[in-house]
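Results of the structural survey
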Amino acid sequence: MAKIRDYKQLAQDILREVGGESNIVNATRCATRLRLVLKNTPDKAKENIAAMAGVITVVENNGQFQVVIGTHVSDVFAEVSQILRLDEKGEGTQEAAKGNVLNRVIATMSAVFAPFVYILAAAGILQGMLILINLAVPAFQQTGTYEVLSFLSWTPFTFLPIFIAITASKHFQCNMYIAVLCCCALVNPTWTEMAARIADGESIRFFMIPLSQTTYTSSVLPPLFLVWILSYLERWLDKKIPDIIKPLLTPLLCLVIMVPLTILLLGPASTLLATAIANAYNGMFAAAPAIAAAVIGGIWQVVVIFGVHWGITPVVMTNFDLYGRDSFQAFQTIAVVAQMAAAFGCFLKSRNKEFKGVALSAGVTGIFGITEPAIYGVTLRLKKPFICGCIAGAVGAVAASFFNTYYYAYAGLPSLLTTVNAINTENPSSFMGEILGCAIAIIGAIVLVQIVGFEDPKEEKAAGSDENVNHISSANTTSETMNIKNVTDTVVCSPLSGRVIPMSEVPDKVFSSGMMGAGVAIEPDDNRVYAPFDGELTSIFETKHAIGLTAENGTELLIHVGLDTVELQGKYFELHKQMGDKVKKGDLLLSFDTEEIKKAGYPLVTPVIAVGKEEIQNSAEGKMAKAGEPIMTIS
């Protein structure tokens, strides 16, 4: 994945490939992914977006078109938000949650929790730090400083319903301030005090209906259901109430209807549901902890691949709310650590300097709990290392399960940094099990990668090799006018005759923006494409309209005949070479029917792109060039 800093351009390119604003039902993001719900998925959209600089990969799952970007997803989403005017319209629609029930639930969980996951993660890390300090200095727990830091660390969990109100109101398309008002009522200290009185045996009634003792601080499902139903109530009221009193009467009626409805019905019912789901998992863990651990440690990263990992959030949050601990996140952490270690294993074994850099960077990112770069950029890409990570994660989690391992503080992004959340003075073996599990996962993943191995990505030949010098020297004999300054430069000769124009003049933003690389374009007056240098034919599009070549020194070049000619599906194009063929400068590669392509309405301007290069030298822009004449130099 190439680096990119023009996030606005990337956002525009992604939205164009998915069919524009009219085809987008919903747009949200999580820690690493731009998540789109589309009316229809255009052909080749997945492949075209995955090939963009700045994109790791594209995943289609659970009714979402997920563009995996990594840690800069917030920058891209900010631009998408501006283009789609999400601040005005909200980050979703009722229409967004189409598909089967599971798809709708997962899409909702992602949209609701992803925007503030780093808030929860920060608070979780603070709790972990306090645990460590208290172990080192027990007296610290008696100080005012500890009290302040402690209530700070619990703040986002105490007021979790309000965070949910903000994000859920955007997802369900209702008034954010009304949603926040209703959820604030749920965490009002007065209601907490009333619930405590009910728990002590006092009977409190609302219009003769007895109230339950349910409290809503740190709750997930009650505020979520509240906002969901609120969205329907608000729209209904909007149609029935006269405009003159609507601004006042709508929030009033929503408040007095939704809060009592939640306290009387939605809260107790949804709490029972969340408790039942959490207890089902806890029951499985109690009956067969090793099996539960093996499943979570082994397949959690598979779940991440498909982007459905947010569906488990209510279970985890309910465990912390009800029991103050959770085993799921303890095993989840080991799975994350194993995949991180697999990336480091690839770094140690690979001999490709460029790939080693990618693997190292992905591994370091995994330390902080973000594994998408490691998965898509390294382990899953090579297949075997991903499996090694899953195996090591399963074994490590099983080992931890024998030590009664739990997390006692929520980890927004489970990782090596959150292992301290397993520390508990009443259960000292918990932390021992977590550390042992992580150690097994790390060592196991690295060792397995070294033993099993993988097909090391091919490394580009050294720029100063004798072979390159000979190649470029021979090119110089035919390129005196190019004023070559370095014998490691690659001279690109014109692949076809015509006028050379700057890439910026190509009427297609994918090319003119330089997203695919620097280069020039040719307005052809011939219908034959020739090899621009000695090298190898390394890619041929199925539709024959574009071919990729690699020079002997590793320089990659893409020749794209015409604009949008992919839509011709290969018609009017004829290949004269095959994939993998070695070619010499001037060999005929491709021919095409100029007249028929023009009749079909496709411009024949042909970009010649130095893939991954930000600039070229000595271009022949503005000049007429014959096939075989130098048109640019690539350093």
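Residues numbered from 1 in each chain as written. Predicted model: local features only at pLDDT ≥ 70, side-chain atom pairs only at ≥ 80, totals over all residues. Heavy atoms only, no water.

**Structural notes on the pairing of strand β4 (residues 64-68)**
- Most of β4 is tucked away: five of the five residues are buried.
- Of the two faces of β4, the one carrying Gln-64, Gln-66 and Val-68 and the one carrying Phe-65 and Val-67 are both buried.
- Inspection of the sheet shows strand β2 (residues 33-38) paired to β4 by four bridges, in the antiparallel sense. Of the residues in β4, the one forming a bridge with Arg-33 is Val-68. (Buried < 20%, exposed > 50% of the residue type's maximum accessible area, 1.4 Å probe, protein only. Helix = DSSP H or I, 4+ residues; strand = E, 2+ residues; numbered from the N terminus. Pairing = 2+ DSSP bridges.)

**Here we look at helix α15 (residues 328-349)**
- The first and last C-alpha atoms of α15 sit 32 Å apart over 22 residues, in line with the 32 Å expected at 1.5 Å per residue.
- The buried fraction of α15 amounts to 19 of the 22 residues, a majority that puts the element mostly inside the structure. (Expected span 1.5 Å × (residues − 1).)

**What to know about the pairing of β2**
- Most of β2 is tucked away, with six of its six residues classed as buried.
- Burial along β2 is two-sided: the residues Arg-33, Arg-35 and Val-37 and Leu-34, Leu-36 and Leu-38 are all buried.
- Relative to β2, strand β1 (residues 24-29) runs antiparallel, the two being bridged by five bridges. Bridge pairing links Asn-26 to Val-37 in β2.

**Thoughts on the sheet that holds strand β18 (residues 624-625)**
- One open sheet accounts for eight strands, arranged β15-β11-β12-β13-β17-β9-β8-β18; its pairing is antiparallel. Only two strands of the sheet have a single partner each, and these edge strands are β15 (582-583) and β18.

**With respect to the packing of aromatic side chains**
- Summed over all chains, the structure comprises 16 aromatic pairs.
- Here the aromatic rings of Phe-140 and Tyr-146 are separated by 5.9 Å at their centres, their planes lie at 80 degrees, and the arrangement is edge-to-face. The two residues Phe-140 and Tyr-146 agree in class, both being buried.
- Their ring planes at 45 degrees and their centres at 6.3 Å tell us that Phe-573 and Phe-592 sit as a pair that is tilted. In this pair, Phe-573 sits in strand β14 (residues 573-575) while Phe-592 sits in strand β16 (residues 588-592), placing the two residues 19 residues apart along the sequence. By the burial criterion, Phe-573 is buried, and Phe-592 matches it.
- Members of the aromatic cluster, joined through ring pairs, are Tyr-281, Phe-285, Trp-300, Phe-328, Phe-331, Tyr-406 and Tyr-408.
- Stacked on the ring of Tyr-406, the Lys or Arg Arg-325 has its end atom at 3.9 Å from the ring centre.
- The aromatic ring of Phe-347 is capped on one face by Lys-356, whose charged end is 4.3 Å from the ring centroid. (Phe/Tyr/Trp six-rings, centres within 6.5 Å; stacked < 30°, edge-to-face > 60°. Lys NZ or Arg CZ within 6 Å of the ring centre and 35° of its normal.)

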